[in-house]
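Structural characterization, general
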Amino acid sequence: MDLGIRGKRALVCASSKGLGRGCAEALAEAGVDLVMNARGEEALMSAAEQIAEAHGVKITPVAADITSEEGRAKVLEAAGDIDILVNNAGGPPPGIWSDWEREDFIKALDANMLTPIALIKALVPAMMERGWGRVVNITSQSVRAPIPALGLSNAARTGLTGYVAGTSRQVAEKGVTINNLLPGIHATDRADALDTGVSKAQGISMDEARTRREATIPVRRYGTPAEFGATCAYLCSVHAGFIVGQNLLHDGGGTNLTV
Ligand code: NAP
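Every chain's residues receive numbers from 1 upward, in the order its sequence appears when written. Per-residue local features are limited, in this predicted model, to residues with pLDDT of at least 70; the limit for side-chain atom pairs, both in listing and counting, is 80 or more; totals at the level of whole chains, interfaces and linings are taken over all residues. Side-chain calculation: all heavy atoms of the structure are included, whereas hydrogens and water are not.

A separate point is the packing of aromatic side chains. Paired rings are identified among Phe, Tyr and Trp, the last through its six-membered ring, by centres lying within 6.5 Å, and are further divided according to the angle between planes into stacked (under 30 degrees), edge-to-face (over 60) and tilted (the rest). What the rule picks out here adds up to 1 aromatic pair. Considering the side-chain rings of Trp 100 and Phe 105, the 6.4 Å spacing of their centres and the 85 degrees angle between planes classify their relative orientation as edge-to-face. Under the scheme applied here, a residue whose accessible area is under 20% of the maximum for its type counts as buried, over 50% as exposed, and between as partly exposed, the area being computed with a 1.4 Å probe on protein chains only. Judged by its relative accessible area of 13%, Trp 100 is buried. With relative accessibility at 30%, the residue Phe 105 sits in the partly exposed group. Cation placement over rings: the criterion is NZ of Lys or CZ of Arg within 6 Å of the ring centroid and within 35° of the ring normal. Taking the ring centre of Trp 132 as reference, the NZ or CZ of Lys 8 above it sits at 4.2 Å.

Next up, the structure:
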């Protein structure tokens, strides 16, 4: 399927690895020029080179912490006109409800709620003026079914979800859609970090932690960044203009819900 977005420009935050990189690859494959971002310059430059070479699109890499005000300013200055925004950042650490203090919540809110909101506010007005735009926020399955150890993530991402529910319906008439894409477990560094936590807490090997987690997923495996990216690219396509304010689970059926 031709996604109809060849020649558009996308900002994909936190995209040197993992799910963000999957989204960047899929958009590049659809002919979209990219602004890619991550903190670590080396991995970012290498990802940008590989994607540019594979798909022949123009890539502007910007090494910056997207969760800081200075980082966002740097990214936005390099970005210029953007048609497609993919919001992403690292997730908060796991822990126990009684351990988290105000500062931990502020950090999580900054990274996973206020950063995407700031970028939406910065970029959506010009999309509305041009009459076309797409925003996809990478959130988590924990928005639909909270994961107890990820209380910081549950709290921050649910806040973003509430904001998107209202905002998406205010901008849709101008051709701009905002949706959330909710990953279940995918084979990325983040999954390794979560499995390491389980392995330490339960005194089992990493392989055993992964096998046990896979057994809880109806497809019996972790998702891939490529599958996730393809879904993101579809939400960014011309065909997805009637999909507004949705929370799409990409979880292999792992979240046990009827609707
Ligand atoms: P990942 O494999 O750890 O990749 C994270 C990417 O984001 C890297 O490119 C990293 O590069 C970049 N990054 C992290 N913090 C950043 C920051 N402050 N500013 C700019 N770039 C930053 O993570 P992932 O698995 O792709 O997960 C992406 C998001 O989905 C996370 O919020 C995660 O919590 C959520 N999620 C993931 C899963 C899963 O199974 N993978 C499931 C549910 C939710 P640098 O470190 O160089 O900055």
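From this point, things continue past the structure.
The next thing to look at is the site of the ligand. Definition of nearness: a residue and a molecule or strand are near each other if at least one heavy atom of the residue lies within 4 Å of the molecule or strand. By nearness alone, 28 residues border the ligand, and Ser 16, Leu 19, Ala 89, His 186 and Thr 188 come closest of all. Pairing of N or O atoms within 3.5 Å defines a polar contact, subject to two protein rules: one partner must be a possible hydrogen donor and the other a possible acceptor, and residues neighboring in sequence count only if both atoms are side-chain atoms. The contact in question runs from an oxygen atom of the ligand to an N or O atom on the side chain of Arg 39, over 2.8 Å. A distance of 2.8 Å is found between an oxygen atom of the ligand and a side-chain nitrogen or oxygen belonging to Arg 157. In isolation the ligand exposes 870 Å². Once the protein is present, 90% of that is buried. Put simply, the parts of the chain that give the shell around the ligand at least two residues each are α1 (18–29), β2 (33–38) and α6 (189–202). Ten residue types, Ala, Val, Leu, Ile, Met, Phe, Trp, Tyr, Cys and Pro, are classed as nonpolar, four, Asp, Glu, Lys and Arg, as charged, and the remainder, Gly among them, as polar. Of the residues contributing to the shell around the ligand, the split by class is 9 nonpolar, 13 polar and 6 charged. Residue ranges assigned to each domain were obtained from an automatic or database domain assignment. Both domains that meet at the shell around the ligand, namely domain 1 (9–184 + 224–250) and domain 2 (187–222), each give it at least three residues. For accessible areas, the Shrake-Rupley method is used with a probe of radius 1.4 Å. Any residue's cover is judged against the shown protein chains and nothing else. Note on conventions: DSSP H or I runs of at least 4 residues are helices, E runs of at least 2 residues are strands, and numbering of each starts at the N terminus.

The next thing to look at is the packing of α6 against helix α7 (residues 206–214). For any two helices packed against each other, one specifies the crossing angle of their axes together with the interaxial distance. Viewed as axis vectors pointing N to C, α6 and α7 meet at an angle of 110 degrees, and their least axial separation amounts to 8 Å. The angle between the axes of α6 and α7 places the two elements in the roughly perpendicular class. From α6, Asp 192, Leu 194, Asp 195, Thr 196, Val 198, Ser 199 and Gln 202 reach across to α7, where they touch Met 206, Ala 209, Arg 210, Arg 212 and Arg 213. Class assignment for the residues of the contact of α6 with α7 results in 4 nonpolar, 3 polar and 5 charged. Each axis is a line fitted through C-alpha atoms, taken for helices only over the stretch in contact, and angles between the N-to-C directions span 0 to 180 degrees. Throughout this description, any angle smaller than 35 degrees is read as roughly parallel, any larger than 145 degrees as roughly antiparallel, any in the 65 to 115 degree range as roughly perpendicular, and the remainder as oblique. Throughout, a contact is declared for two residues whenever any of their heavy atoms are within 4.5 Å.

Before going further, it helps to spend a moment on the domain arrangement of the protein chain. By a widely used convention, the size of an interface equals the accessible area lost when the partners come together. Here the protein chain is partitioned into domain 1 (9–184 + 224–250) and domain 2 (187–222). The straight-line distance from the C-alpha centre of domain 1 to that of domain 2 is 25 Å. At the junction of the two partners, domain 1 supplies 10 residues and domain 2 supplies 7 residues. Interface of domain 1 and domain 2: buried area, both sides summed, is about 560 Å²; carbon and sulfur atoms make up 50% of it. Accessible surface is computed with a 1.4 Å probe, and the buried area is the amount of it that two parts give up when combined, taken over both parts together.

This paragraph deals with the pattern of salt bridges. Any carboxyl oxygen of Asp or Glu that lies within 4 Å of a side-chain nitrogen of Lys or Arg is treated as forming a salt bridge with it. Enumeration according to the criterion identifies 8 salt bridges in this entry. Arg 210 is the partner of Glu 214 in a salt bridge, and the nearest nitrogen-oxygen pair spans 3.1 Å. Of this pair, Glu 214 and Arg 210 both sit in helix α7, separated by 4 residues, roughly a single helical turn. Salt bridges here are not isolated pairs; linked through shared partners, they connect Asp 81, Asp 83 and Arg 130.

By the criterion of burial, strand β5 (residues 133–138) is predominantly enclosed, with 6 of the 6 residues buried. Burial along β5 is two-sided: Gly 133, Val 135 and Asn 137 and Arg 134, Val 136 and Ile 138, pointing in opposite directions, are all buried. The pairing criterion for strands is at least two bridges between them, as found by DSSP. Where strand β4 (residues 84–87) and β5 come together, 4 bridges link them in parallel fashion. Across the sheet, the residue bridging to Val 86 is Val 136, located in β5. Where β5 and strand β6 (residues 176–183) come together, 6 bridges link them in parallel fashion. If you follow Gly 133 over to β6, its bridge partner there is Val 176. Convention used here: a crossover is right-handed provided that the path from the first strand, over the helix, to the second strand proceeds clockwise when the strands point away from the viewer. Handedness of the β5-helix α5 (residues 151–171)-β6 crossover: right-handed.

Strand order in this open sheet of 7 strands is β3-β2-β1-β4-β5-β6-β7, and the pairing throughout is parallel. In the strand order of this sheet, the two ends are held by β3 (59–63) and β7 (247–250), each with one partner. Taken pair by pair, the neighbouring strands of this sheet meet at an average axis angle of 15 degrees, ignoring direction. Here 3 bridges tie strand β1 (residues 9–12) to β4, and the two strands are oriented parallel to one another. Residue pairing in the sheet places Leu 11 in a bridge with Leu 85 of β4. Across the sheet, α1 lies against β1, β2, β4, β5 and β6, angled at about 170 degrees from β1, the strand it touches most.

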